[in-house]
Structures are given as structure tokens and as C-alpha cells.
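Tertiary structure, described
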Amino acid sequence: YWRLSQNADMQLLVLAAFEPELEPLRRKLAEQKLQKGFSIRFESAGIGIASAAANTARMLASTPSADAVLFVGSIGAYDEHLPLHTAVIAKGVVLG
């Protein structure tokens, strides 16, 4: 996580594969009062590696002032020993 000074200007870009994954966070943050100068942009990146990569690159190019990017969403079966709705934080990406 990060801390913001009282007068910090910061733009957060929040991405997910599709809109239903963004909606819970968008709804929760709508209830919060954001610090002055802090803005959040929500965008759907698309489903699948190629679509998500291309759309994410396009969004980053169109949002050069983004200070941080947060990708949220759900995944399919990851580990049969994890109960449903378990939060998982990735430490790396492996393609192939």
C-alpha cells in the first residue's frame, strides 16, 4: 500500500478483465471520501492474454499521468485446496 501526503496529486488506474469485476470496488470507493488531488480511473482491459495486454498498453499510453496501476478480478480454479472467495496475491507471472 502507499501513503499520500495531504496535498498529493495521484492518479490510480484500476483495471479488470470486464466490468462486473470492477463494480464492487467502484461501489465501495464511491462511499469513501478521497483525498484532494487523488483520482481513480476504472477500465475494462478485456478477457484473454492478448486482449488484456493490448488494451492495457493502450490505456497506459492514454493515461501517462497514472502513478499506479491495480489489476483486480477473479480467476478460475487455482488450487483445489483453496476455498471459494479466497484472496490470492500474485508474486509473479508465468506465461507458457
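Scroll up for the structure.
Before going into details, it helps to say that this report is about the structure given with it. Keep in mind it's a predicted model, so treat the numbers as computed, not measured.

1. Regarding the pairing of strand S1 (residues 10-16)
On a regular strand, one side chain projects to one face of the sheet and the next to the other, so that they alternate. Counting buried residues along S1, 7 of its 7 residues qualify, which places the element largely inside the surrounding structure. For S1 and strand S2 (residues 38-44), the ladder comprises 7 bridges, and the chain directions are parallel. In the sheet register, alanine 16 faces S2, and the bridge partner there is serine 44. Where the polypeptide runs from S1 across helix H1 (residues 19-30) and back to S2, its parallel neighbour, the crossover connection is right-handed. In terms of strand pairing, S1 meets strand S3 (residues 68-71) through 4 bridges, oriented parallel. Each residue of the ladder has a partner; that of leucine 13, found in S3, is valine 69.

2. Regarding helix H2 (residues 49-62)
The first and last C-alpha atoms of H2 sit 20 Å apart over 14 residues, in line with the 20 Å expected at 1.5 Å per residue. Of all the positions in H2, only Ala52, Thr56 and Met59 are classed as buried. Considered in projection along H2, the buried side chains sweep an arc of 65° and stay on one side of the axis. More than 90 degrees from the buried face of H2, the exposed residues found are Ala50 and Ala61. Elements that come into contact with the buried residues of H2 comprise S1 and S2.

3. Regarding the sheet that holds S3
Two modes of strand pairing occur in sheets, parallel and antiparallel, and in both the strands are linked by backbone hydrogen bonds. Reading across from one edge, S2-S1-S3 is the order of the 3 strands in this open sheet, with parallel pairing throughout. Edge positions in the open sheet fall to S2 and S3, since each of these has one partner strand only. Between one strand axis and the next, the sheet turns by 20° as a mean value, whatever way the strands run. Across the sheet, H1 touches S1, S2 and S3, and the angle it forms with S2 is around 160°.

Parameters at a glance
Throughout this description, residue numbers start from 1 for each chain and increase along the sequence as written. Totals for whole chains, interfaces and linings use all residues, but because this is a predicted model, local features are given only for residues with pLDDT of at least 70 and pairs of side-chain atoms are given and counted only at 80 or more. Values shown for side chains rest on all heavy atoms present in the structure; no hydrogens or waters enter the calculation. Each residue gets one of three labels from its accessible area relative to the maximum for its type: buried under 20%, exposed over 50%, partly exposed in between, using a 1.4 Å probe on protein chains only. A run of H or I in DSSP counts as a helix once it spans at least four residues, and a run of E counts as a strand once it spans at least two, with each numbered from the N terminus. In short, DSSP must find at least two bridges between two strands for them to pair. Think of it like this: strands point away, you trace from the first strand over the helix to the second, and a clockwise trace means the crossover is right-handed. Here the expected span of a helix is defined as 1.5 Å times the quantity of residues minus one. The directions considered for the arc are those from the helix axis to the C-beta atoms. Contact definition: two residues touch when any of their heavy atoms are within 4.5 Å. In this analysis an axis means a line fitted to C-alpha atoms, helices contributing only their contacting stretch, and an angle means the value between N-to-C directions, from 0 to 180 degrees.

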